[in-house]
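# Reading the structure
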Amino acid sequence: MRSLTEHLWFETDKKIDFVNITNTVDNLVRKSQVKEGLCLVNAMHITASVFINDNEPGLLSDFEKWLEKFAPHEPVSQYNHNVGEDNADAHLKRTIMGREVVVAITNGKLDFGPWEQIFYGEFDGRRRKRVLVKIIGE
Amino acid sequence: MRSLTEHLWFETDKKIDFVNITNTVDNLVRKSQVKEGLCLVNAMHITASVFINDNEPGLLSDFEKWLEKFAPHEPVSQYNHNVGEDNADAHLKRTIMGREVVVAITNGKLDFGPWEQIFYGEFDGRRRKRVLVKIIGE
Amino acid sequence: MRSLTEHLWFETDKKIDFVNITNTVDNLVRKSQVKEGLCLVNAMHITASVFINDNEPGLLSDFEKWLEKFAPHEPVSQYNHNVGEDNADAHLKRTIMGREVVVAITNGKLDFGPWEQIFYGEFDGRRRKRVLVKIIGE
């Protein structure tokens, strides 16, 4: 069995942001030399997500608006978590978008449908955070 | 390490539909001859889901009504994604239901609780779409 | 390849409850002797979740309030599933929180960010239920 472990670092300028990390993950799959296996990509912070969807700016803005509706930042006092913090909404937003994705590796490549792209979703940005890429297989 | 890769094809008559694929996946686990391992089942399209829940028609209709409430199709103009498309809501619905499931394989079978069933969830149907089944283990 | 399969049992006093299972899973990783691999932790019941978030009581109470807003228990008659049952909302709540997590194992330990903790989320408690821990790797 082969395995590879890498951390990706992010520090977004905006509080909420989406970063396409598909090429980075694809390069790590190649580096791992795994031909058949699984690739786990997960946020290591609980106010951030890794998810798969379409690389279309309109849709990404729809996600942001939609998440704000279901887990609004304001008023911060509506959340019990917000004692000395103001990021409870970011924990909820990340819950909707998900912590992780598991992607198949087939013939040494991410086995993806035509529009699948991996995104890092940041909901409490402007600080350094990590994503873990773990690849196992043969 | 053994592995198996299969694609399942779907073309639902309805825009929104749920298809129980448990038996199909179970047969693929047997075909793989993996006794201990993991089985990834994921939608390869970003307006569809794979999820695990109860095979109960009332519940499936509850899911449909509930998703429509939180990510309504109409008015299509409420979404920035809907320029020449009208399926932004399907991207959001799939996000709530999830892209993938990872199921344990134990003694050559899906290691399931009493009511767990795997469903393909379609939110923008009437076109051909795929699900990936990837099995690894020994 | 090494593998380990264990079931954790729960019977919560409350209908809705969150139980931190991080230490239990960590001990199973050590028991498995897997140094590099993946650890799947999933609810085996469809009205319960396994998720990763912050071990902060205020946040856990925010989750409970938030889930009740988006998938209210009452009136039970609003759900088609509730014929002879009253737990449709628990199926929806678990869908938002997720069925499973997949965690990387690196150097024989759960490869976690600083605040990541694994929780069992119960949405229809006061009965015996199980969580599956499946570890594979080398």
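### Let's talk about the pattern of salt bridges
Any two side chains of opposite charge can pair, so long as their charged atoms come close to each other. Counted according to the given criterion, the structure contains 33 salt bridges over all chains. Among the ionic pairs, C:Glu116 bridges to A:Arg99, the shortest N-O distance being 2.7 Å. Placement of the pair is C:Glu116 in the loop between strand 6 (109-110) and strand 7 (117-122) and A:Arg99 in the loop between helix 3 (88-97) and strand 5 (100-106), with the two residues belonging to separate chains. We classify A:Arg99 as buried; its relative accessible area is 7%. In this structure, C:Lys134 engages B:Glu36 in a salt bridge whose closest nitrogen and oxygen atoms are separated by 2.5 Å. Separated into two different chains, C:Lys134 in strand 8 (residues 129-137) and B:Glu36 in the loop between helix 1 (22-32) and strand 3 (37-43) make up a pair that spans both. Comparing C:Lys134 with B:Glu36 shows no difference in burial state: the two are buried.

### Thoughts on the interface of chain B and chain C
As a measure of interface size, the accessible area lost when the parts come together is often cited. At the interface, 33 residues of chain B touch 30 residues of chain C. When chain B packs against chain C, close to 2500 Å² is buried across both sides, 59% of that on carbon and sulfur atoms. Counting across the interface, chain B meets chain C through two salt bridges. The tally of links from chain B across to chain C stands at 15 residue pairs in polar contact (both at pLDDT 80 or more). Broken down by secondary-structure element, the contributors of at least two residues to the side of chain B that touches chain C are strand 3, strand 4 (48-53), helix 2 (57-70), helix 3 (88-97), strand 5 (100-106) and strand 8 (129-137) of chain B. In terms of residue count, the dominant contributor to the side of chain B that touches chain C is helix 2 of chain B (eight residues). Classifying every residue of the side of chain B that touches chain C by side-chain character gives 17 nonpolar, seven polar and nine charged.

### Regarding the relation of the copies chain B and chain C
Of the transformation placing chain B onto chain C, the axial shift is 0.0 Å and the rotation is 120°, giving an RMSD of 0.0 Å. Between the two chains, the operation in question is that of a three-fold axis. Residue B:Ile96, judged by its C-alpha, is the member of chain B lying nearest the rotation axis, at 3.6 Å. Comparing interface residues between copies, only 18% of those in chain B also sit at the interface in chain C, which points to a heterologous contact through distinct surfaces.

### What about the interface of chain C and chain A?
Tallying the contact residues gives 33 residues for chain C and 30 residues for chain A. Interface of chain C and chain A: buried area, both sides summed, is about 2500 Å²; carbon and sulfur atoms make up 59% of it. Joining chain C to chain A, the criterion identifies two salt bridges. Summed over the shared surface of chain C and chain A, the number is 15 residue pairs in polar contact (both at pLDDT 80 or more). Of all the secondary structure elements, the ones that give two or more residues to the side of chain C that touches chain A are strand 3 (37-43), strand 4 (48-53), helix 2 (57-70), helix 3 (88-97), strand 5 (100-106) and strand 8 of chain C. For the side of chain C that touches chain A, the leading source of residues is helix 2 of chain C, giving eight residues.

### Here we look at the sheet that holds strand 7 (residues 117-122) of chain B
Residue and element names in this part refer to chain B. With respect to topology, three strands assemble into an open sheet ordered 2-7-4, the strand pairing being antiparallel. This sheet does not close on itself; its edge strands, each paired only once, are strand 2 (17-20) and strand 4. Averaged over all adjacent pairs, the angle separating strand axes in this sheet is 30°, with direction ignored. Bridging between strand 4 and strand 7 involves six bridges; their strand directions are antiparallel. In the sheet register, asparagine 53 faces strand 7, and the bridge partner there is glutamine 117.

What counts, and at which threshold
Residues numbered from 1 in each chain as written. Chains lettered and ligands numbered in written order. Predicted model: local features only at pLDDT ≥ 70, side-chain atom pairs only at ≥ 80, totals over all residues. Heavy atoms only, no water. Salt bridge = Lys/Arg side-chain N within 4 Å of Asp/Glu carboxyl O. Helix = DSSP H or I, 4+ residues; strand = E, 2+ residues; numbered from the N terminus. Buried < 20%, exposed > 50% of the residue type's maximum accessible area, 1.4 Å probe, protein only. Contact = heavy atoms within 4.5 Å. Buried area = accessible area lost by both parts, 1.4 Å probe. Polar contact = N/O pair within 3.5 Å; in protein donor to acceptor, adjacent residues only side chain to side chain. Nonpolar A, V, L, I, M, F, W, Y, C, P; charged D, E, K, R; others polar. Least-squares fit on C-alpha atoms with pLDDT ≥ 70 in both. Pairing = 2+ DSSP bridges. Axes fitted to C-alpha atoms, helices over the stretch in contact; angles between N-to-C directions.

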